[in-house]
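These are the residues of each chain, in order.
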Amino acid sequence: MTRADDPVTSVDDSVARADDPQHPAATAAWAGDGFETLAIHAGQEPDAVTGAVVVPIHPSSTFVQDAVGVPRGAYEYARSANPTRTALETCLAALEAGTVGLAFASGLAAVDAVLRTACRPGDHAVIPSDAYGGTYRLFARVFAEWGVEYTPVPLDDLEAVRAAVRPGHTRLLWCETPTNPLLSISDIAALADLVHSVGGLLAVDNTFATPYLQQPLTLGADVSVHSTTKYLGGHSDVIGGAVVVSDPGLGERLRFIQNATGAVPGPFDAWLVLRGAKTLAVRMDRHCANARHIADLLVRHPAVAVVHYPGLPGNPGHPVAAKQMRDFGGMVSFTLRGGQDAAVEVCRRTRVFTLAESLGGVESLIEHPGRMTHASVAGSPLEVPADLVRLSVGIESIDDLVDDLTKALDDHQDL
Ligand SMILES: *Cc1c(COP(=O)(O)O)cnc(C)c1O
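Residues numbered from 1 in each chain as written. Predicted model: local features only at pLDDT ≥ 70, side-chain atom pairs only at ≥ 80, totals over all residues. Heavy atoms only, no water.

Where we set the bar: UniProt positions are given in the numbering used here, feature names are shortened, and annotations may be inferred rather than shown by experiment.
As named in an unreviewed UniProt entry, the chain is Cystathionine gamma-synthase, taken from Candidatus Protofrankia californiensis. What the UniProt record of the chain gives under Cofactor (unreviewed entry) is the line "pyridoxal 5'-phosphate".

Written out as structure tokens, the structure is:
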């Protein structure tokens, strides 16, 4: 079937067909464009053949051709495209208000695809001085060996960024906001203007904020990247990544890299992320409310030295976060007056907050970045404070979370 014969693409038909529940156009006719509606419906029309309301998991690696070079549908081979993955990619593009969405086998595979697309040997990138450790490792240990130079800069200091970019040479400004693990905030719109003025692209790792709280593309960024392992998946049961862009040409170049290098998610993994995304908004509302409670508790507790949470009015990133985010997210980090030993002891004592790496799942997690997630950046410019504890505040009952953390922090004389 050629596209011209395909009745789904005919806009004129859509009203007449809207009462035919079997037709994909029927869904398009009534679907709204609110975030929660897109999360549940974008790319997820009821199956045209069976009427299945939930997108099927398509394990097939290959698709029939009716004659040589005439595929029956839109699919040929599942590395290039798979219907379950297409549903996820369509949904992700809608949630980020972009035009092209691409799903990857992990967050780092997504980062890798952006770097391969944007940078050539001899090019230069600016990265956050507190970048995600795996992203830093990719720049420092992989792409540096292929001749891509990088400069770590605190991105909340626009003058420092201006001094670091090299006109005509800086191809990429890599931004994370809020950052991991110190939750510092940078101004996406200002960074976009700055890097565009020297001919580069702005990529934002939007993992911590999620598209529900922050939409980098609408703020002027060129690329939004996710580890869907975290909030988008939301249940700590899948590893995945995503890239969304507004420029279709850039989307095509990324699609080429995705197919050429092959770091695609399997259909079941794509389906798990798609299922997680449906509840992203309600989960984030609870993550944010619980995190705000926990931040308030920590600020008042005598064992705690400094609380890093952009929702606190005294936080240096608060004004920019309030401008570009719907709410302040579910991550909180803090330092202990008792230093590193106290930080390690608090991580040992909690019961509801589970001691584990990662973040963004429904369950609350606690960790010691210096010895766990950020151990690989020890001795580098990205080293994190030894007395720091990071919380991924989950969606359990807030009373239980407060009790658990309070018990772990009390008796702070021995912390
Ligand atoms: C986890 C994470 C990544 C890497 O994602 P993986 O799915 O583990 O490969 C990238 N950026 C941020 C901010 C992350 O938290």
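Considering the packing of helix α5 (residues 107-118) against helix α6 (residues 133-143)
What counts is decided by this rule: Orientation is described by lines fitted to C-alpha atoms, with helices fitted over the stretch in contact, and by angles between N-to-C directions that extend from 0 to 180 degrees. A run of H or I in DSSP counts as a helix once it spans at least four residues, and a run of E counts as a strand once it spans at least two, with each numbered from the N terminus. An angle below 35 degrees is treated as roughly parallel, one above 145 as roughly antiparallel, one from 65 to 115 as roughly perpendicular, and anything else as oblique. Left-handed describes a crossing whose near helix is turned anticlockwise from the far helix by less than a right angle; the clockwise case is right-handed. Contact criterion: two residues are considered in contact whenever any of their non-hydrogen atoms come within 4.5 Å of each other. Any residue outside Ala, Val, Leu, Ile, Met, Phe, Trp, Tyr, Cys, Pro, Asp, Glu, Lys and Arg is labelled polar, Gly included; the first ten of those are nonpolar and the last four are charged.
The interhelical angle for the contact between α5 and α6, taken along N-to-C directions, is 45°, at an axis separation of 10 Å. By the angle between their axes, α5 is oblique relative to α6. You can see that α5 and α6 cross each other, and the crossing is right-handed. Only Gly134, Thr135, Arg137, Leu138, Phe139 and Phe143 of α6 make contact with α5, whose side of the interface consists of Leu108, Val111, Asp112, Leu115 and Arg116. Tallied by class, the residues present in the contact of α5 with α6 amount to six nonpolar, two polar and three charged.

Details of the site of the ligand
The line we're drawing: By convention in this text, a residue qualifies as near a molecule or strand provided that one of its non-hydrogen atoms is within 4 Å of it. Pairing of N or O atoms within 3.5 Å defines a polar contact, subject to two protein rules: one partner must be a possible hydrogen donor and the other a possible acceptor, and residues neighboring in sequence count only if both atoms are side-chain atoms. Accessible surface area values rest on a Shrake-Rupley calculation with a 1.4 Å probe, where residue burial reflects the displayed protein chains alone. Put simply, the grid is 1 Å and covers the protein atoms alone, a cavity is a trapped set of points that fit a 1.4 Å probe, a pocket is an open set with protein on both sides within 12 Å along at least five of seven lines, and lining residues have an atom within 4 Å of a point. Being in a pocket or cavity means that more than half of the molecule's atoms lie within 2 Å of its grid points.
Taken together, Ser106, Gly107, Leu108, Tyr132, Asp205, Thr207, Phe208, Ser227, Thr229, Lys230, Gly240 and Leu359 make up all the residues around the ligand. A distance of 2.9 Å separates an oxygen atom of the ligand from a polar backbone atom of Gly107. One of the side-chain N or O atoms of Ser227 is found 2.8 Å from an oxygen atom in the ligand. For the ligand, whose free accessible area comes to 380 Å², the fraction covered by protein is 91%. Using a 2 Å cut-off from the grid points, one finds that the ligand occupies the second largest pocket. Split by residue class, the shell around the ligand holds four nonpolar, six polar and two charged.

A word on the domain arrangement of the chain
Operational definition: Domain segmentation is taken from an automatic or database assignment of domains. Two parts lose some accessible area (1.4 Å probe) when they are put together, and adding that loss for both gives the buried area. For this analysis, a salt bridge means a side-chain nitrogen from Lys or Arg found within 4 Å of a carboxyl oxygen belonging to Asp or Glu.
Along its sequence, the chain is organised into domain 1 (13-278) and domain 2 (281-413). Distance from the C-alpha centre of domain 1 to the C-alpha centre of domain 2: 27 Å. Residue-level contacts link 35 residues of domain 1 with 38 residues of domain 2. When residues of domain 1 are sorted by the area they lose upon contact with domain 2, Tyr212, Leu213 and Tyr231 head the list and together hold 25% of the total. Among the ionic pairs, Asp187 bridges to Lys323, the shortest N-O distance being 2.8 Å. Linking domain 1 with domain 2 are 14 residue pairs in polar contact (both at pLDDT 80 or more), by the criterion used here.

As for the nonpolar core
Definition in use: Nonpolar core, defined: a set of buried Ala, Val, Leu, Ile, Met, Phe, Trp, Tyr and Cys residues in which side-chain atoms within 4.5 Å join the residues together. Categorising residues by exposure relies on relative accessible area from a 1.4 Å probe, with only protein chains included: less than 20% of the type maximum marks a residue as buried, more than 50% marks it as exposed, and the intermediate range marks it as partly exposed.
By size, the foremost hydrophobic cluster in this structure holds 64 residues, and its most contacted members are Ile294, Leu298, Val307, Phe334, Leu336, Leu391 and Leu409. Within the second largest apolar cluster, 32 residues are counted, among which are Phe104, Phe139, Leu172 and Val243.

What about the sheet that holds strand β3 (residues 100-104)?
Applied cut-off: For two strands to count as paired, DSSP must find a minimum of two bridges between them.
Taken together, seven strands build an open sheet; the order of strands is β3-β9-β8-β7-β6-β4-β5 and the sheet is mixed. A single partner strand is all that each edge strand has here, and the edge strands are β3 and β5 (149-153). With direction set aside, neighbouring strand axes in the sheet form an average angle of 20°. In this structure, strand β4 (residues 124-128) lies alongside strand β6 (residues 170-176), joined through three bridges in parallel fashion. Across the sheet, Ala125 pairs through a bridge with Leu172, a residue of β6. Against the sheet, helix α4 (residues 83-95) touches β3 and β9 (241-245), its axis set at about 130° to β3. Packed on one face of the sheet, helix α8 (residues 188-196) meets β6 and β7 (201-205) and runs near 150° to β7.

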